[in-house]
Amino acid sequence: LRRSQRKLMTFAQAAHHCHAKVSTEAKNAKHAQQWINTLKQYAFPHIGALPVDEVTTKQVVDLLEPIWTLKPETASRVRQRIESTLTWATVSGHREGDNPARLKGNLDQLLPRTSKIKKVTHHKALPWRQVPPFMAALRKRDGMGARALELLILTACRSGEVRGAAWSEIDLQTRLWTIPAERMKSCKEHQIPLSTAAITLLKSIPRPDGSELLFPSTGGRKISDMTLTAVLRRMGVDSTVHGFRSSFKDWCRNSTQ
């Protein structure tokens, strides 16, 4: 359609339409809100009032440059969300032509590669040979935090997967823990074979009346991530909770075939 025949829509209006679609697909409301908030903060002041068919590559570069090296992760998300918004506007008939926020063969020629400037943060991990004596010491500690951390290490799971674990997900007969898709980072159902040590642990956990969670807090809700971190701090261990996934990976690389 010619521009005069198309219904003019501003970038901000298109972003809100695109956000409505994102909201139906997002894993949680917080993620959906972050999606639009980044555009409101970084994109709207520059191109929010512009018709979507007037947004140019130069304008996208100008708004990204101040944060591209200072906040590479944020800048990358902003670019992706601008691209998604303009893609939605194109397929909805509000603009035509190439996407000015496209990275490959476009912005990658004008902005430095983020892989060159990103600071990779590694989670501190306990050397895998130190995990067995640590586990022996951990089993002597009381509390839901200690038991949750123990299961996390035995299954190499993420903190949120363990803290939100429900008894309905556990099958002691088949020795399987099935985490539903909505609780997985990958959004895919995940099955974890349970070792003898994990089964023994699960059988030892008290099950308060009315609680479906494996590790409920005193208020019946799932325990916080800091509950597990606090166990490590009290034990004087220089590691993060997530670091035990690295310990497990190192053990696999060095001790299995």
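Before reading further, recall that the structure is shown in the block above.
None of the values given here were measured: they were computed from a predicted structure. (Residues numbered from 1 in each chain as written. Predicted model: local features only at pLDDT ≥ 70, side-chain atom pairs only at ≥ 80, totals over all residues. Heavy atoms only, no water.)

## Topic: the overall build of the chain
Our working rule: Secondary structure is summarised from DSSP: a helix means a run of H or I of at least four residues, a strand means a run of E of at least two, and numbering begins at the N terminus for each. Only the C-alpha atoms count toward the radius of gyration. The rule for a globule is 2.2 Å times the residue count to the power 0.38. In this scheme, a residue with accessible area under 20% of its type's maximum is buried, one over 50% is exposed, and one in between is partly exposed, where area comes from a 1.4 Å probe on protein chains only. Any two residues whose heavy atoms approach within 4.5 Å at even a single point are treated as in contact. What sets the accessible areas is the Shrake-Rupley method with a 1.4 Å probe; for residues, cover comes only from the shown protein chains. Positive charges come from Lys and Arg, negative ones from Asp and Glu, while His and the chain ends are left out of the count. The atom standing in for a charge is NZ when the residue is Lys, CZ when it is Arg, CG when it is Asp and CD when it is Glu.
Helix and strand counts for the chain stand at 12 helices and three strands. Scaling as 2.2 N^0.38, a compact globule of 257 residues should have a C-alpha radius of gyration of about 18 Å, whereas the chain reaches 24 Å, well beyond that. Expressed along its principal axes, the backbone C-alpha trace of the chain runs to roughly 75 × 40 × 35 Å. Residue burial in the chain is summarised as follows: out of 257 residues, 40% are buried. Restricting to contacts in the chain with at least 6 residues of sequence separation, those with at least 24 account for 60%. Of the roughly 15,200 Å² that the chain leaves accessible, carbon and sulfur atoms contribute 51%. For the chain, the separation between the mean place of its 41 positive charges and that of its 22 negative charges on side chains is 4 Å.

## Digging into the pairing of strand β2 (residues 176–179)
What counts, and what does not: If DSSP finds at least two bridges between two strands, the strands pair.
Across the two faces of β2 the burial differs, with Trp177 and Ile179 buried and Leu176 and Thr178 not buried at all. Bridge analysis of strand β1 (residues 170–171) against β2 gives two bridges, and the strand direction is antiparallel. Within β2, the residue paired with Asp171 across the bridge is Leu176. Connecting the antiparallel pair β1 and β2 is a turn made up of four residues, with Arg175 showing a positive phi of about 60°. Pairing of β2 with strand β3 (residues 190–193), which is carried by four bridges, proceeds in the antiparallel orientation. Residue Ile179 lies in a different strand from β3, and its bridge partner there is His190.

## With respect to the packing of aromatic side chains
Applied cut-off: To pair, rings of Phe, Tyr and Trp, with the six-membered ring standing in for Trp, must have centres within 6.5 Å; the planes then decide the type, stacked if under 30 degrees apart, edge-to-face if over 60, and tilted in the middle.
Under the defined criterion, the tally for this structure stands at three aromatic pairs. Look at Phe248 and Trp251: their rings are 5.9 Å apart centre to centre, the planes differ by 40°, and that puts the pair in the tilted class. Here Phe248 pairs with Trp251, and both are found in helix α12 (residues 243–255), just three residues apart, close to one helical turn.

## Thoughts on the sheet that holds β2
Two modes of strand pairing occur in sheets, parallel and antiparallel, and in both the strands are linked by backbone hydrogen bonds. Taken in spatial order, the three strands of this open sheet run β1-β2-β3, and their pairing is antiparallel. Across the chains shown, the open sheet's two edge strands, defined by having one partner strand only, are β1 and β3.

## Points about helix α2 (residues 29–42)
Here is the rule: An expected span of 1.5 Å times one less than the residue number is assigned to each helix. Here the arc refers to the set of directions running from the helix axis out to each C-beta atom.
Across its 14 residues, α2 extends 20 Å between first and last C-alpha, which sits within 8% of the 20 Å expected from 1.5 Å per residue. Those residues of α2 that fall on the buried side of the exposure criterion are Ala32, Trp35, Ile36, Thr38, Leu39 and Tyr42. Projected down its long axis, α2 shows its buried positions confined to an angular sector of 155°, all on one face. Away from its buried face, by an angle of more than 90 degrees, α2 presents the exposed residues Ala29, Lys30 and Gln41.

## A few points about the state of the cysteines
Inclusion rule: The definition used for a disulfide is geometric: two cysteine sulfur atoms within 2.5 Å.
Per the stated rule, a full pass over the model turns up zero disulfides. Cys252 takes part in no disulfide bond, and the closest cysteine sulfur to it belongs to Cys157, at a distance of 13 Å. Judged by relative accessible area, Cys252 falls into the partly exposed class, the value being 25%.

## Notes on the nonpolar core
Here is the rule: Think of a nonpolar core as a cluster: buried Ala, Val, Leu, Ile, Met, Phe, Trp, Tyr and Cys residues, connected wherever their side-chain atoms sit within 4.5 Å.
Within the largest apolar cluster, 36 residues are counted, with the highest numbers of intra-cluster contacts made by Phe134, Leu138, Leu149, Leu151, Ile153 and Trp177. For this core, the elements supplying multiple residues, two or more each, are α7 (131–138), α8 (144–155), β2, α10 (196–204) and α11 (225–234). Per-element accounting of this core gives the leading share, six residues, to α8. Within the second largest apolar cluster, 32 residues are counted, among which are Val22, Phe44, Leu64 and Leu107.

## Regarding the pattern of salt bridges
Filter applied, for reference: A side-chain nitrogen of Lys or Arg and a carboxyl oxygen of Asp or Glu constitute a salt bridge if their distance falls within 4 Å.
The tally for this structure, following the rule as stated, stands at nine salt bridges. Across the salt bridge formed by Asp238 and Lys124, the nearest N and O atoms sit 3.3 Å from each other. Taken as a pair, Asp238 in the loop between α11 and α12 and Lys124 in the loop between α6 (114–117) and α7 lie far apart in primary sequence, 114 residues in all. Take Lys124: its relative accessible area is 48%, and that puts it in the partly exposed class. For Asp225, the salt bridge goes to Arg163, with nearest N and O atoms at 4.0 Å. Residue Asp225 is found in helix α11, and its partner Arg163 is found in helix α9 (residues 159–163); the two are separated by 62 residues along the sequence. Judged by its relative accessible area of 13%, Arg163 falls in the buried class. Through salt bridges with shared partners, a single network forms among Arg139, Arg147 and Glu150.

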